[in-house]
Structure formats: C-alpha cells, structure tokens
Amino acid sequence: MHVWHWLEGLKMYQWLNILTFLYYLMYKRSNKSYRIYAIFLFFIISMETVLFRILQRSTDYFNFFHTLFSMTCLVFYQYIFIQKLRNTKSYLPFAIICIIFQLASWIDIAIYFDPQMFRPFIYVIGMLIVNLMIYAYFYKVVFKDEFKHISQFPEVWLALGISIYFVASFPLLLFLDFLRDEITIRKPYFDLLSLGNLILSIGYLMTVIKIPVAKRSKNWEPIEISESY
C-alpha cells in the first residue's frame, strides 16, 4: 500500500526521468563514453523521488539538501559543456569561470549555512554561466564543426532542454524564497516549475535516445565508439 501511494505521488517529469534511465540501461549502456548520464540520472531520481519526499516529512533540512542537489546539477551541466568546448578559444575562459564559481558558491554555502534557506541567486548565476556555455557550444556546432546530422550531437537536446527550462523558470527561480512563503500562489508556482522540469526531462530523454549505440565485434565484445566531435 505504501509503495502504491509513493508511485501515485510521482510527477510526470519524475516518471520520465525513470523511463530515460531504464532506456539507457536497456539500449545505450554499452557506450561507456556516456556513462556519466546514467550516473546523473540515477542521482536525480534518487534525490527527487526518494530523499526529498522523506525530508519533506521528517526534517527541517529539506532546503539545504535541495541547495546541494541544485549545485550538483550545475556541476554536471558545466562539466558536460566544458568538455564539448575543448579545442575552442572559449574553453579556457569558461573553465576558469566555472572553477571560480564552484569554489565561491560552495564556500558561500558553508559560511552562511542555514538549513531553512534555499539560495536561488547562486543557482541563477550558475545557470546563466551554463547558458552562455550553451550558446558557445551552439556556435561551435553550427559554424565551426564540419556539417553533420543533428543526431550526431546528443548534447544539442540537453542544451535545448536546459535553455528552455531556464528561460521559462527564470522569474520563479529568482524569487523562490518569496514564492515559497506565499500560500495563495504556491500551487501555481509549483505547477509552473513542474512544467519547466518536464521540459528539462524531455531534454534528458532526447539526449539519451540520440546517444550512439556502441558497435560490437564478431566475438560480441563491446567496442567503445569515439565521440562525434
């Protein structure tokens, strides 16, 4: 009964993340170059569908763990697009910016620790950096790389999901603390944020779908393919 109640409480984007993770395990796990996506999907599923639901009921540290979750997502996004900007002029500047941002943000969280406070301003700055990296990545794909079919660029779908999510959710993220305390607008706020998360989850799904399948040799040993760029 408890399991059924837990399943009923899952939102659409959480179901989509679970399906994306299972799809990766079933069809794309042989491509070890993209294993970090499986690790990340397992992380967000564990946090969103299990840990957060426990913390909401039994502890005052929900906001603190949500801050750690958001910052970890930023680490993943920045890492992915830093890798995709290698051998470009923007690689070193963005690498330095990301390192400074991560150090400053984690120090800020440690110094001004408050289990009741979510720090949306830090998250918004981090997402702005990610989106600038995405624009640089799009420029590289469109103007610098030789022509290839879009299916050869799985991260394009991740980039689109992140960008649309951020544009749609920017006002909500910026005034997160205020909106959480306003009972009259709390429900539409969470509904809009869930819609943004659904867009982001669709980006995850499309990225995993477009991950190239690792070829196999005659003796059925998996061969790791090289990235498209």
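Residues numbered from 1 in each chain as written. Predicted model: local features only at pLDDT ≥ 70, side-chain atom pairs only at ≥ 80, totals over all residues. Heavy atoms only, no water.

Asker: I keep staring at the overall build of the chain and nothing clicks. Help me out?
Answerer: A count of helices and strands for the chain gives nine helices and zero strands. Across the chain, helices and strands are ordered from the amino to the carboxyl terminus as α-α-α-α-α-α-α-α-α. Burial analysis of the chain (229 residues in total) assigns 44% to the buried set. Counted over contacts in the chain with a minimum sequence separation of 6, partners at least 24 positions apart contribute 76%. Summed over all atoms, the accessible surface of the chain reaches about 13,300 Å², with 69% contributed by carbon and sulfur. (Helix = DSSP H or I, 4+ residues; strand = E, 2+ residues; numbered from the N terminus. Buried < 20%, exposed > 50% of the residue type's maximum accessible area, 1.4 Å probe, protein only. Contact = heavy atoms within 4.5 Å. Areas by Shrake-Rupley, 256 points an atom, 1.4 Å probe, with all protein chains shown as cover.)

Asker: What am I meant to see in the nonpolar core here?
Answerer: Note that soluble globular proteins tend to have their nonpolar side chains buried in a common cluster. Y77, F81 and I162 are the most contacted members of the largest nonpolar core, which has 53 residues in total. Looking at this core, the elements that each hand over two or more residues are helix 2 (12-28), helix 3 (35-58), helix 4 (62-84), helix 5 (91-111), helix 6 (120-144), helix 7 (155-174) and helix 9 (183-209). Look past the residues within four positions of I162 in its chain and what remains in contact with it is Y77, F81, M127, V130, N131, I134 and L200. (Core = buried A, V, L, I, M, F, W, Y, C linked by side-chain atoms within 4.5 Å.)

Asker: Got a minute to help me understand unusual backbone geometry in this structure?
Answerer: Residues apart from glycine generally show negative phi values, whereas peptide bonds are mostly found in trans. You will see that N87, though not glycine, has its phi angle at about 65 degrees, which is positive. Its location among the elements puts N87 in the loop between helix 4 and helix 5. Look at N87 and you get exposed, because its relative accessible area is 83%.

Asker: Help me understand empty space enclosed by the protein, please; the structure alone is not making it clear to me.
Answerer: A probe as big as a water molecule, rolled over the atoms, marks out the empty space that is left. Counted by the stated rule, this structure contains one cavity of 30 Å³ or more. As a volume, the largest cavity reaches approximately 60 Å³. Considering the residues around the largest cavity, the lining is formed by F64, T67, I109, Y112, F113, D114, M117 and R119. (1 Å grid on protein atoms, 1.4 Å probe; cavity = no way out; pocket = protein on both sides within 12 Å on 5 of 7 lines; lining within 4 Å. Points joined across faces, edges and corners; volume = space filled by probe spheres on them.)

Asker: When you look at the environment of F21 in this model, what are you seeing that I'm missing?
Answerer: Within the element layout of this structure, F21 appears in helix 2. Exposure remark for F21: the relative accessible area of 16% places this residue in the buried category. Expressed as a C-alpha distance, the spacing of F21 and L41, which sit 20 residues apart in the sequence, is 6.0 Å. The contacts of F21, once residues within four sequence positions are left out, are A38, L41, F42 and I45.

Asker: Sorry, what's going on with a nonpolar patch on the surface here?
Answerer: Nonpolar side chains collect at one region of the surface, where L19, L22, L25, M26 and Y27 lie side by side and expose about 490 Å² of accessible area between them. Tracing the chain through its elements places L22 in helix 2. Judged by its relative accessible area of 40%, L22 is partly exposed. (Patch = residues over 30% accessible without salt bridge, like charges linked within 9 Å, V, L, I, M, F, W, Y side chains within 5 Å. Salt bridge = Lys/Arg side-chain N within 4 Å of Asp/Glu carboxyl O.)

Functional significance is not addressed by these values, which are geometric in nature.
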